[in-house]
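Structural characterization, general
Each chain, written out:
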Amino acid sequence: MIDPVPSLFNTPIIRKTMEKHTLNNILFYDSGIGGVSVLRLAQRTLPKENFIYYGDSKNAPYGERSADEVCRLVLENVAGLVARLCPKAIVIACNTATSAAIGELRSRYPNLIVIGMEPALKPAVKAYPGGNIAVLATPITIREEKFRTLCGQYYNEANIIPIECAGLMDFAERGEFNSPELQTYLNIKLDGALCGGLSAVVLGCTHYAFLAEAISQAAREAEIFDGGDGTVRELVKRLTEKDLFVSEGTGSVAFLNSLNDEEKNEQAKKLCFE
Ligand code: DGL
């Protein structure tokens, strides 16, 4: 088996972390820090669980690669992580990776809980029937079949406006959550959609949750919908069904990154607990 992340597991800190976590952990996966926006909700909901967060910063951004390439990266990385960590559940906290690889992951790991992300279009349409609803996401997410199928379910109920946002995740990666450059980027992206008045904006990428304030400003106070809550609800439901909840002990969160970059791990940790 290809082992894309061997050096990550050879430091004393990670070895110690693994001893503690192995067999009873929940793996969160993203291309970078975006999935921390989902992890932090999960950690607050399930504080006694042991979470391991993996960001594939070496290969980010995923959204501007081809879907096949992203699928290959996710499958390789997850195979290495599952072999090493034996998680009880995997949360693909990335809409792009979900679009490209969730089907294949589910068939490769039929005995594990495997959860993906979905843009929160359903609650947005229910809240604003007949409204103009923008969905911001990476080029892959917008173009892949999963999103087209989702839009197909609601195209009669609202005016759905998909907006490809290549480059937007980089603002979040840089910790640039509100800057004139970000505001200009968003104003340009939302300009056309704002003409007819915008009811809601769906965040179709986990990185964008960190940019929600700036997005709300550019969207002139249209309501923001994020899929993180729904994903955590699904995780709780699946753990309950399989009776895999941890209800005792202290719980923990460990951070890994394919660049083996301590600064990235610190950034993720800060975002998780602030
Ligand atoms: N966080 C990821 C998502 O939810 C994508 C960012 C990227 O392009 O890597 O889609």
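All values reported here derive from a predicted model rather than from experimental measurement. (Residues numbered from 1 in each chain as written. Predicted model: local features only at pLDDT ≥ 70, side-chain atom pairs only at ≥ 80, totals over all residues. Heavy atoms only, no water.)

**Details of the overall build of the chain**
For clarity, the cut-off: Secondary structure elements follow DSSP: runs of H or I of four or more residues count as helices, runs of E of two or more count as strands, with numbering from the N terminus. Only the C-alpha atoms count toward the radius of gyration. The rule for a globule is 2.2 Å times the residue count to the power 0.38. In this description, accessible areas are obtained by the Shrake-Rupley approach with a 1.4 Å probe, and a residue is regarded as covered only by the protein chains that are shown. In this count, Lys and Arg are taken as positive residues and Asp and Glu as negative ones, while His and the chain termini are left out. We put the charge of a Lys on NZ, of an Arg on CZ, of an Asp on CG and of a Glu on CD.
When its secondary structure is counted, the chain shows 12 helices and 9 strands. Here the C-alpha atoms of the chain give a radius of gyration of 18 Å, agreeing with the 19 Å that 2.2 N^0.38 yields for 274 residues. Principal-axis analysis of the C-alpha atoms places the extent of the chain at approximately 55 × 40 × 35 Å. Carbon and sulfur atoms provide 50% of the accessible area of the chain, an area that totals close to 12100 Å². Distance between charge centres in the chain, computed from 28 positive and 34 negative side chains, equals 4 Å.

**Thoughts on the nonpolar core**
To keep things clear, this is the line we draw: The term nonpolar core refers to a set of buried residues drawn from Ala, Val, Leu, Ile, Met, Phe, Trp, Tyr and Cys, joined through side-chain atoms within 4.5 Å. Relative accessibility under 20% of the residue-type maximum defines a buried residue, over 50% an exposed one, and the middle range a partly exposed one, all with a 1.4 Å probe and only protein chains included. By definition, residues are in contact when any of their heavy atoms lie within 4.5 Å.
Core analysis: the biggest nonpolar cluster contains 50 residues, and Phe28, Leu168, Leu190, Leu198, Val201, Tyr208 and Leu235 have the highest contact counts within it. Counting residues per element, this core draws most heavily on helix 9 (residues 180-194), which supplies 6 residues. Setting aside anything within four residues of it in sequence, one finds phenylalanine 28 in contact with Gly35, Val38, Leu39, Ala42, Phe51, Ile52, Tyr53, Tyr54, Val91, Ala93 and Leu235. In terms of nonpolar packing, the next biggest core, distinct from the first, is built from 29 residues, Tyr29, Tyr62, Ala101 and Leu112 among them.

**Concerning the sheet that holds strand 3 (residues 89-92)**
Two modes of strand pairing occur in sheets, parallel and antiparallel, and in both the strands are linked by backbone hydrogen bonds. Formally: Here a strand pair is declared whenever DSSP counts at least two bridges between the two strands. Fitted lines through C-alpha atoms give the axes, limited to the stretch in contact for helices. The angle between two N-to-C directions lies from 0 to 180 degrees.
In space, the 5 strands of this open sheet follow the order 4-3-1-2-9, with parallel pairing throughout. Of all the strands in the sheet, the pair left with one neighbour each is strand 4 (113-115) and strand 9 (252-257). Each strand of the sheet is rotated relative to its neighbour by a mean of 15°, with strand direction disregarded. When strand 1 (residues 25-30) meets strand 2 (residues 50-55), the two strands line up parallel, connected through 6 bridges. Bridge pairing links aspartate 30 to glycine 55 in strand 2. The strands that helix 2 (residues 36-45) touches are strand 1, strand 2 and strand 9; relative to strand 2, the one it contacts most, it runs at about 175°.

**Considering the pattern of salt bridges**
Put simply, the rule reads: Every case where a carboxyl oxygen of Asp or Glu lies within 4 Å of a side-chain nitrogen of Lys or Arg is listed as a salt bridge.
On inspection of all chains with the given rule, the structure shows 12 salt bridges. For arginine 65, the salt bridge is made with glutamate 69, and the minimal N-O distance between the two is 2.7 Å. Since its relative accessible area comes to 27%, arginine 65 is described here as partly exposed. In this structure, the salt-bridge partner of arginine 174 is glutamate 176, at a minimum N-O distance of 2.9 Å. Three or more residues are tied together by salt bridges with common partners; here these are Glu234, Lys237, Arg238 and Glu241.

**Description of the site of the ligand**
Counted only if it meets this: Neighbouring residues are identified by heavy atoms, a residue being near a molecule or strand if any of them is within 4 Å of it. Pairs of N or O atoms within 3.5 Å make up the polar contacts considered here, provided that, within protein, one atom can donate a hydrogen while the other can accept it, and that residues adjacent in sequence are counted only when both atoms are side-chain atoms. Classification convention: Asp, Glu, Lys, Arg as charged; Ala, Val, Leu, Ile, Met, Phe, Trp, Tyr, Cys, Pro as nonpolar; all other residues, Gly among them, as polar.
Taken together, 13 residues are adjacent to the ligand, and Ser31, Tyr62, Gly63, Thr96 and His207 come closest. Within the side chain of aspartate 30, a nitrogen or oxygen atom sits 3.0 Å from a nitrogen atom of the ligand. Interatomic distance of 2.7 Å between a backbone N/O atom of tyrosine 62 and an oxygen atom of the ligand. For the ligand, whose free accessible area comes to 300 Å², the fraction covered by protein is 100%. Here the residues of the shell around the ligand are counted per class, giving 5 nonpolar, 7 polar and 1 charged.

**Points about the packing of helix 3 (residues 67-85) against helix 4 (residues 95-108)**
Put simply, the rule is: Here is the rule for angles: anything less than 35 degrees is roughly parallel, anything more than 145 is roughly antiparallel, 65 through 115 is roughly perpendicular, and the remaining ranges are oblique. By definition, any crossing whose near helix is turned counterclockwise from its far helix by less than a right angle is left-handed, and any crossing with a clockwise turn is right-handed.
Packing of helix 3 against helix 4 brings their axes to within 8 Å, and their N-to-C directions diverge by 50°. What the angle tells us is that helix 3 and helix 4 run oblique. The way helix 3 lies across helix 4 gives a crossing that is right-handed. Each of Ala67, Val70, Cys71, Val74, Leu75 and Val78 in helix 3 lies in contact with helix 4, whose residues at this interface are Thr96, Ala97, Ala100, Ala101, Glu104, Leu105 and Arg108.

**A few points about the environment of phenylalanine 210**
Following the sequence through the fold, phenylalanine 210 ends up in the loop between strand 7 (200-203) and helix 10 (212-218). Its relative accessible area of 8% is what places phenylalanine 210 among the buried residues. For the pair phenylalanine 210 and isoleucine 33, spaced 177 residues apart in sequence, the C-alpha separation works out to 9.6 Å. Once you skip the residues sitting within four places of it in the chain, phenylalanine 210 turns out to touch Ile33, Gly34, Val36, Ser37, Arg40, Phe177 and Leu271.

**A few points about the side chain of serine 216**
Structurally, serine 216 can be placed in helix 10. When sequence neighbours within four positions are dropped, the list of residues in contact with serine 216 reads Glu221 and Ile224.

**With respect to the packing of aromatic side chains**
What counts here: We call Phe, Tyr and Trp rings a pair once their centres come within 6.5 Å, taking the six-membered ring for Trp, and we label the pair stacked below 30 degrees between planes, edge-to-face above 60, and tilted otherwise. Here, a charge over a ring is recorded when the distance from Lys NZ or Arg CZ to the ring centre is within 6 Å and its angle to the ring normal is within 35 degrees.
Going through the model one piece at a time under the given rule, you end up with 6 aromatic pairs. Between tyrosine 29 and tyrosine 54, the aromatic rings sit 5.5 Å apart at their centres with planes inclined by 25°, giving stacked as the arrangement. In this pair, tyrosine 29 sits in strand 1 while tyrosine 54 sits in strand 2, placing the two residues 25 residues apart along the sequence. Given a relative accessible area of 0%, tyrosine 29 falls into the buried group. With centroids separated by 5.7 Å and ring planes inclined at 65°, the aromatic side chains of phenylalanine 171 and tyrosine 185 adopt a geometry described as edge-to-face. Note that phenylalanine 171 is positioned in helix 8 (residues 168-173) and tyrosine 185 in helix 9, a separation of 14 residues in sequence. When the ring centre of phenylalanine 171 is taken as origin, the NZ or CZ atom of arginine 174, which lies over that ring, is 4.8 Å away.

Such coordinate-based values are descriptive only and should not be taken to indicate function.
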